[in-house]
Protein chains: 2
Amino acid sequence: MRIKLSYPTLRRLPRYLRQAETLLSEARTHVSSKELAESLGFTPSQVRQDFAALKEVCGVAADGLQGYGYRVDSLKANMERILKLTEQKICVLVGVGNLALALAHNFDFIRCGIRLDAAFDVLPEKIGTILRTLEGEVLIRDVAELPDYCALQRPRAAILTCPPDVAQDTADILTLSGVQGIWNLTNVDIRVPEGVALENVHLSDSLMTLSCRIDV
Amino acid sequence: MRIKLSYPTLRRLPRYLRQAETLLSEARTHVSSKELAESLGFTPSQVRQDFAALKEVCGVAADGLQGYGYRVDSLKANMERILKLTEQKICVLVGVGNLALALAHNFDFIRCGIRLDAAFDVLPEKIGTILRTLEGEVLIRDVAELPDYCALQRPRAAILTCPPDVAQDTADILTLSGVQGIWNLTNVDIRVPEGVALENVHLSDSLMTLSCRIDV
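Conventions we followed
- Residues numbered from 1 in each chain as written.
- Chains lettered and ligands numbered in written order.
- Predicted model: local features only at pLDDT ≥ 70, side-chain atom pairs only at ≥ 80, totals over all residues.
- Heavy atoms only, no water.
- Helix = DSSP H or I, 4+ residues; strand = E, 2+ residues; numbered from the N terminus.
- Buried < 20%, exposed > 50% of the residue type's maximum accessible area, 1.4 Å probe, protein only.
- Contact = heavy atoms within 4.5 Å.
- Areas by Shrake-Rupley, 256 points an atom, 1.4 Å probe, with all protein chains shown as cover.
- Lys, Arg positive; Asp, Glu negative; His and termini not counted.
- Charge placed at Lys NZ, Arg CZ, Asp CG, Glu CD.
- Buried area = accessible area lost by both parts, 1.4 Å probe.
- Salt bridge = Lys/Arg side-chain N within 4 Å of Asp/Glu carboxyl O.
- Polar contact = N/O pair within 3.5 Å; in protein donor to acceptor, adjacent residues only side chain to side chain.
- Nonpolar A, V, L, I, M, F, W, Y, C, P; charged D, E, K, R; others polar.
- Pairing = 2+ DSSP bridges.
- Right-handed = clockwise from strand over helix to strand, strands pointing away.
- Axes fitted to C-alpha atoms, helices over the stretch in contact; angles between N-to-C directions.
- Arc of directions from axis to C-beta.

Enquirer: Mind showing me how you'd approach the overall build of chain A here?
Expert: Counting its secondary structure elements, chain A contains eight helices and ten strands. Here chain A, with 216 residues, has 50% of them falling under the buried criterion. Of all intrachain contacts in chain A linking residues separated by at least 6 positions in sequence, the fraction that spans at least 24 positions is 57%. When the accessible surface of chain A is totalled, it reaches about 10,000 Å², and 51% of it is carbon and sulfur. If the 24 positive side-chain charges of chain A are averaged to one point and the 27 negative ones to another, these points end up 7 Å apart.

Enquirer: Quick question: what am I supposed to make of the interface of chain B and chain A here?
Expert: Many authors give the size of an interface as the accessible area that is lost as the parts come together. Of the residues lining the interface, 59 residues belong to chain B; the matching set on chain A comes to 58 residues. For the pair chain B and chain A, the summed buried area comes to about 5,400 Å², and 64% of that belongs to carbon and sulfur atoms. At the boundary of chain B and chain A, one finds four salt bridges. Its salt-bridge partner being Arg18(A), residue Asp205(B) comes within 2.5 Å of it at the nearest N-O pair. In this structure, the connection of chain B to chain A is made through 18 residue pairs in polar contact (both at pLDDT 80 or more). Residue assignment for the side of chain B that touches chain A shows that the elements contributing at least two residues are α1 (7-25), α5 (98-106), β9 (181-184), β10 (197-200) and α8 (203-212) of chain B. Per-element accounting of the side of chain B that touches chain A gives the leading share, ten residues, to α8(B). Taken together, the residues that form the side of chain B that touches chain A break down as 32 nonpolar, 13 polar and 14 charged.

Enquirer: Just to check I follow, could you spell out the pairing of strand β9 (residues 181-184) of chain A for this structure?
Expert: Residue and element names in this part refer to chain A. Neither face of β9 is open: one carries Gly181 and Trp183, the other Ile182 and Asn184, and all of them are buried. Here four bridges tie strand β8 (residues 157-160) to β9, and the two strands are oriented parallel to one another. For alanine 158, the partnering residue across the bridge sits in β9 and is isoleucine 182. Crossover β8 to β9 through helix α7 (residues 167-176) is right-handed. Relative to strand β10 (residues 197-200), β9 runs parallel, the two sharing four bridges. The residue of β10 that forms the bridge with tryptophan 183 is glutamate 199.

Enquirer: What is the right way to read the sheet that holds strand β7 (residues 137-142) of chain A from this model?
Expert: Residues and elements named next belong to chain A. Strands sit in the order β6-β7-β5-β4-β8-β9-β10 across an open sheet of seven strands; the sheet is mixed. Two strands bound the open sheet, and with one partner strand each, they are β6 (130-132) and β10. Going from strand to strand, the sheet's axes swing by 25° on average, the running direction of each strand aside.

Enquirer: Help me understand the sheet that holds strand β8 (residues 157-160) of chain B, please; the structure alone is not making it clear to me.
Expert: Sheets are built from strands that pair by backbone hydrogen bonding, the pairs being arranged parallel or antiparallel. Residue and element names in this part refer to chain B. Taken in spatial order, the seven strands of this open sheet run β6-β7-β5-β4-β8-β9-β10, and their pairing is mixed. Unpaired on one side and paired on the other, β6 (130-132) and β10 mark the two borders of the sheet. Taken over all neighbouring pairs, the strand axes of this sheet differ in orientation by 25° on average, direction set aside. Note: strand β4 (residues 89-94) against strand β5 (residues 114-121), six bridges, orientation parallel. Across the sheet, the residue bridging to valine 94 is phenylalanine 120, located in β5.

Enquirer: How should I be thinking about the side chain of Ser204(B) in this particular structure?
Expert: Position of Ser204(B) relative to the elements: it lies in helix α8. Excluding residues within four positions of it along the chain, Ser204(B) makes contact with Phe107(A) and Cys112(A).

Enquirer: Help me understand the environment of Tyr7(B) in this model?
Expert: Note on placement: Tyr7(B) falls in helix α1. Using a relative accessible area of 34% as the deciding quantity, one classes Tyr7(B) as partly exposed. Through-space distance from the C-alpha of Tyr7(B) to that of Ala102(B) is 28 Å; in sequence the pair is 95 residues apart. Ignoring anything within four residues of it in the chain, the contact list for Tyr7(B) reads Thr209(A), Arg213(A) and Glu199(B).

Enquirer: In this structure, what is going on with the pairing of strand β4 (residues 89-94) of chain A? I would like to understand it.
Expert: Side-chain positions along a regular strand alternate between the two faces of the sheet. Residue and element names in this part refer to chain A. Extensive coverage of β4 is indicated by the burial of five of its six residues. Crossover β4 to strand β5 (residues 114-121) through helix α5 (residues 98-106) is right-handed. Bridging between β4 and β8 involves four bridges; their strand directions are parallel. Residue pairing across strands places valine 92 opposite alanine 158, the latter belonging to β8.

Enquirer: Would you take a moment to explain helix α2 (residues 33-40) of chain A for this structure?
Expert: The periodicity of an α-helix, 3.6 residues per turn, causes residues three or four positions apart to be oriented the same way. Residue and element names in this part refer to chain A. Listing the buried residues of α2 in full gives Ser33, Leu36, Ala37 and Leu40. In a view along the axis of α2, the buried residues occupy a sector of 100°, so they form one face of it. For α2, the exposed residues lying more than 90 degrees away from the buried face are Lys34 and Glu38. In the core, the buried residues of α2 are packed alongside α1 (7-25), β1 (30-31), α3 (44-58), β3 (69-71) and α4 (72-82). Just past α2, the residue glycine 41 takes up positive phi, approximately 75°.

What follows is the structure, given as structure tokens:
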């Protein structure tokens, strides 16, 4: 299933999911689009439009019952289905520095539909050692083996945690090898060919927003 | 200056800034709201509304000239001013694990209006050592000293990179000490008192969005 939803709508789905999980943890069964909008900082009409688009494109969104709002459990299940979180995509990680270690040790990739299969680095002292993850262990390989590995194993996604100056070259190798999506944590913008999904994590955006809300 | 802009507008300002910097690097002088919208995935009317709100609230946004669009240099300068990026807010970091090391070594806090002044951890082998940052060096102190340090030095902001299970307690100590903003990187949601700014970094949102765009 190729999703044809607009990117801004897509980007809001994980937040609906998170809100549904919070509501479920509070034993709530229904939620109105007005309340969803308020807690997420969207407009109620944006929520209704998103759900209408989901229904149109994917056939599901969340069951709404006039006056009762959406069912929280179906909201959660449908978001997980539309986000394809239960379909494990094989993924490689390139650059085993501190950020990669922090992610591997703490981040729930499986929850995001991602299965980390291999890690790559340039440092001889890292190559051949094990990267511990929440799910188990991953072998750290020589980055020189990346093209061959990709040709053989056909990973669908890649996590980019390498130094900024080699980010673009690494992305080129990955997309040439058929990787369909790159999670870019290098703090520099990279270009990918048409049809490859790219998510840049710009940590500075949220820190700038915070900065603005603080009096000196 | 207390900014009274809506949070969704505020959240878009770093992205306008980033786009202005990209355009400047391409030697562009003007940009239309239509082009800004397209490159950022906003609607043109949203861009115009944001700039109208900025003008209303802060007296500045970006100089627009009918037919030529906004001036890129003033767009950049005004975004920096509204985001208060040149006013350095003193900040502490709590929890010197891998994520904190990755940030300290690579992240440009000063660019975000934040000056890292001290770091705290519980591990005896870390306490008393130096955390290297892009700007220089920061002493790692015993987290038991955090309340006294805050009372004396009055940091305005805090970066939370501690383990999830102590995130809320740490946030409580910080806000009781008068910290006005918390950048929460612990991957768990925390509560802060009214009036305290909170930015949760939810890395899973972007990875889920990526996951959804990849075929298995």
